[in-house]
Amino acid sequence: MTKLSREQMLYLLYTVAYSDNGTVTQGTVKEHLSKEFQKNADNICETLCQQNLLESPSGM
């Protein structure tokens, strides 16, 4: 089982909530996060991609 921080869990929840046909952009998720989490959104996304919990937006 993967342990996620509160920030990572919120990012994943917003990704699912705002996805349309299984696709959502980083910008969409970021704009719905609180200002506290917005500044770390890129790092959160990168970490989740490295854990294979999200597909990389750059197509790595």
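Let me begin by describing the structure that accompanies this report. If you're wondering where the values come from, they're calculated on a predicted model, not measured in any experiment.

So, how was this worked out
Residues numbered from 1 in each chain as written. Predicted model: local features only at pLDDT ≥ 70, side-chain atom pairs only at ≥ 80, totals over all residues. Heavy atoms only, no water. Helix = DSSP H or I, 4+ residues; strand = E, 2+ residues; numbered from the N terminus. Buried < 20%, exposed > 50% of the residue type's maximum accessible area, 1.4 Å probe, protein only. Contact = heavy atoms within 4.5 Å. Axes fitted to C-alpha atoms, helices over the stretch in contact; angles between N-to-C directions. Parallel < 35°, antiparallel > 145°, perpendicular 65-115°, else oblique. Nonpolar A, V, L, I, M, F, W, Y, C, P; charged D, E, K, R; others polar.

**Observations regarding the environment of Glu55**
Okay, step 1: Considering the arrangement of structural elements, one finds Glu55 in the segment after α4 (41-50).
Okay, step 2: For Glu55, a relative accessible area of 75% translates into the label exposed.
Okay, step 3: Sequence-wise, Glu55 and Cys45 are ten residues apart; in three dimensions their C-alpha atoms are separated by 9.3 Å.

**Here's the deal with the environment of His32**
Okay, step 1: Relative to the helices and strands, His32 resides in helix α2 (residues 26-32).
Okay, step 2: C-alpha of His32 to C-alpha of Ser5: the two residues are 27 residues apart in sequence and 18 Å apart in space.
Okay, step 3: The contacts of His32, once residues within four sequence positions are left out, are Tyr14 and Tyr18.

**Some remarks on the packing of helix α1 (residues 6-17) against α4**
Okay, step 1: Axis separation between α1 and α4 bottoms out at 10 Å; the angle between their running directions is 85°. As summarised for this structure, α1 and α4 are arranged roughly perpendicular, according to the angle between their axes. Across from Glu7, Gln8, Tyr11 and Leu12 in α1, the residues of α4 making contact are Ala41, Ile44, Cys45, Thr47 and Leu48.
Okay, step 2: The class makeup of the residues in the contact of α1 with α4 is six nonpolar, two polar and one charged.

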